[in-house]
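Analysis of the macromolecular model
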Amino acid sequence: MTIHIQTPTLDSDAFSSPEQRVWLKLEALQPSGSFKLRGVGHACEVHASRGAKRLLSSSGGNAGMAVAYAGRMLRLPVVVVVPETTGEWPKTLIRRQGAEVIVHGKSWMEANDFLMAMREPGDAFIHPFDDPLLWEGHATMIEEAARQMPKPDAVVLAVGGGGLMSGVLQGMHAARWQDVPLVAVETVGADSLRASVGAGELVTLDAIRSIATSLGARRVSERAFAWTKEHEVVPVTVTDQEAARACLAVAKEHRLIVEPACGAAVAAVLQRSTPVLKSAGNVLVILCGGACATYEDLVRWAAD
């Protein structure tokens with residue numbers, strides 16, 4: 001079975017201009033609320049075919065929700081360990097899928113260490129972003145987009161740990177879009193990719209200082225960084241407030257609630273602040289979604 005769904009690629013009149021068409025890959029419509037279901041669902045299916053008896057996740061965000069949903073579809077038990085900082089709404093959404101939620105530690109690393117210590121034979125650990133199986137699943141969104149729209153002049157997405165970026169670039173090369181620049185957007189305070197590209201080596205941030213918690217990887221994966229040497233990747237940053245305001249624009253114009261991590265990519269396109277985005281005739285934006293923020297959260301963050 002395929003756990004994720006095919007999503008439309010929408011030609012957005014609201015975000016386009018006479019000189020530029022903006023296309024939105026509506027990954028916010030995935031059943032778990034975000035693009036994560038593509039890669040996570042694929043990984044869960046592979047592990048189930050190999051005999052996994054239980055699925056484990058250490059993400060209190062969209063990856064955890066995706067594992068919980070995939071486990072329900074595959075009829076496998078799921079345990080998700082989340083840090084103490086995880087909000088009640090994400091925990092509610094994970095439990096709603098029938099998964100067991102354990103709260104442990106003050107950070108993702110502590111939650112992940114606890115999860116690793118409880119692994120048993122027959123358990124499959126589903127990493128939130130750093131796994132070739134995830135990238136294979138995420139690549140399918142470009143396979144779909146290539147059938148749904150003209151070849152773009154730029155692809156725009158948000159970057160956290162780099163799983164989406166690695167999968168999209170894998171899909172772009174399979175679709176023969178290897179000459180299309182990728183605009184990689186982060187929020188200020190969660191910009192580990194920009195820092196790594198600037199330093200010429202992987203950089204680990206000392207802390208995450210952004211409301212866009214889904215972008216809260218202090219260090220991007222090695223594969224994501226390697227891609228910056230194999231493909232034209234343009235790092236861009238936006239503020240938390242700009243990302244939240246872009247989320248409200250998505251809600252107003254397209255009736256979808258997305259997280260600031262997703263709004264960051266939209267904000268970069270609306271600002272058209274880089275030469276690549278100023279000159280592109282067709283722009284594909286991965287509207288990656290996210291289910292951890294409510295509309296009330298967005299309104300508050302946009303006003304801060």
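One structure accompanies this document, and this report is about it.

Rules behind the numbers
Residues numbered from 1 in each chain as written. Predicted model: local features only at pLDDT ≥ 70, side-chain atom pairs only at ≥ 80, totals over all residues. Heavy atoms only, no water. Helix = DSSP H or I, 4+ residues; strand = E, 2+ residues; numbered from the N terminus. Rg over C-alpha atoms; globule rule 2.2 N^0.38 Å. Buried < 20%, exposed > 50% of the residue type's maximum accessible area, 1.4 Å probe, protein only. Contact = heavy atoms within 4.5 Å. Areas by Shrake-Rupley, 256 points an atom, 1.4 Å probe, with all protein chains shown as cover. Lys, Arg positive; Asp, Glu negative; His and termini not counted. Charge placed at Lys NZ, Arg CZ, Asp CG, Glu CD. Salt bridge = Lys/Arg side-chain N within 4 Å of Asp/Glu carboxyl O. Axes fitted to C-alpha atoms, helices over the stretch in contact; angles between N-to-C directions. Parallel < 35°, antiparallel > 145°, perpendicular 65-115°, else oblique. Left-handed = near helix turned anticlockwise from the far one by under 90°. Nonpolar A, V, L, I, M, F, W, Y, C, P; charged D, E, K, R; others polar. Expected span 1.5 Å × (residues − 1). Pairing = 2+ DSSP bridges.

1. What to know about the overall build of the protein chain
From N to C terminus, the protein chain includes twelve helices and ten strands. Over its C-alpha trace the protein chain gives a radius of gyration of 18 Å, about what one expects of a compact globule, namely 19 Å for 304 residues. The dimensions of the protein chain, computed from C-alpha atoms along their principal axes, are 55 × 40 × 40 Å. Looking at the protein chain residue by residue over its 304 residues, the buried ones come to 60%. Residue pairs at least 24 apart in sequence account for 71% of intrachain contacts in the protein chain once pairs closer than 6 positions are excluded. Surface accessibility of the protein chain: about 12400 Å² in total, with carbon and sulfur atoms responsible for 51%. Computed over 29 positive and 33 negative side-chain charges, the separation of the two mean positions in the protein chain equals 3 Å.

2. A short note on the pattern of salt bridges
For the coordinates displayed, the defined rule picks out 14 salt bridges. Between Asp 123 and Arg 54 there is a salt bridge, with its nearest N and O atoms 2.8 Å apart. One end of the pair, Asp 123, is in strand β6 (residues 123-125); the other, Arg 54, is in strand β3 (residues 54-57), with 69 residues separating them in the sequence. Pair check on accessibility: Asp 123 and Arg 54 agree, each one buried. For the salt bridge of Asp 297 with Arg 300, the shortest nitrogen-to-oxygen distance reads 3.3 Å. You can see Asp 297 and its partner Arg 300 sitting in helix α12 (residues 295-303), three residues apart, about one turn around the helix. Taking relative accessible area as the criterion, Arg 300 reaches 44% and is therefore assigned partly exposed. Several salt bridges share partner residues, and in doing so they unite Lys 25, Glu 27, Arg 38 and Glu 144 into one network.

3. Quick notes on the packing of helix α5 (residues 132-148) against helix α6 (residues 163-174)
Running from N to C, α5 and α6 cross one another at 55°; their axes reach a closest spacing of 7 Å. In terms of axis orientation, α5 runs oblique to α6. Crossing of α5 against α6: the hand is right-handed. Contacts between α5 and α6 involve Trp 135, Glu 136, His 138, Ala 139, Met 141 and Ile 142 from the first element and Gly 163, Leu 164, Ser 166, Gly 167, Val 168, Gln 170, Gly 171 and Met 172 from the second. When grouped by side-chain class, the residues that make up the contact of α5 with α6 number seven nonpolar, six polar and one charged.

4. Considering helix α1 (residues 36-49)
Between its terminal C-alpha atoms α1 stretches 20 Å, which fits the 20 Å expected from 14 residues at 1.5 Å a residue. Within α1, ten of the 14 residues are buried, leaving the element largely enclosed by the surrounding structure. Those residues of α1 that fall on the buried side of the exposure criterion are Lys 36, Leu 37, Arg 38, Gly 39, Val 40, Gly 41, Ala 43, Cys 44, Val 46 and His 47. Of the surrounding elements, those touching the buried residues of α1 are β2 (20-26), β3, α2 (62-74), β6 and α5. Phi turns positive one or two residues past the end of α1, at Gly 51, with a value near 105°.

5. Looking at the sheet that holds β3
Sheets are built from strands that pair by backbone hydrogen bonding, the pairs being arranged parallel or antiparallel. One open sheet holds the four strands; their spatial order is β5-β4-β3-β6, and the pairing between them is parallel. On the outer flanks of this sheet lie β5 (100-103) and β6, each paired with one strand and no other. When the angles between neighbouring strand axes are averaged without regard to direction, this sheet yields 20°. The strands touched by α2 are β3 and β4 (78-82); relative to β3, the strand with the most contacts, the crossing angle is about 170°. This element, helix α3 (residues 88-96), spans β4 and β5 of the sheet and lies at about 150° to β5.

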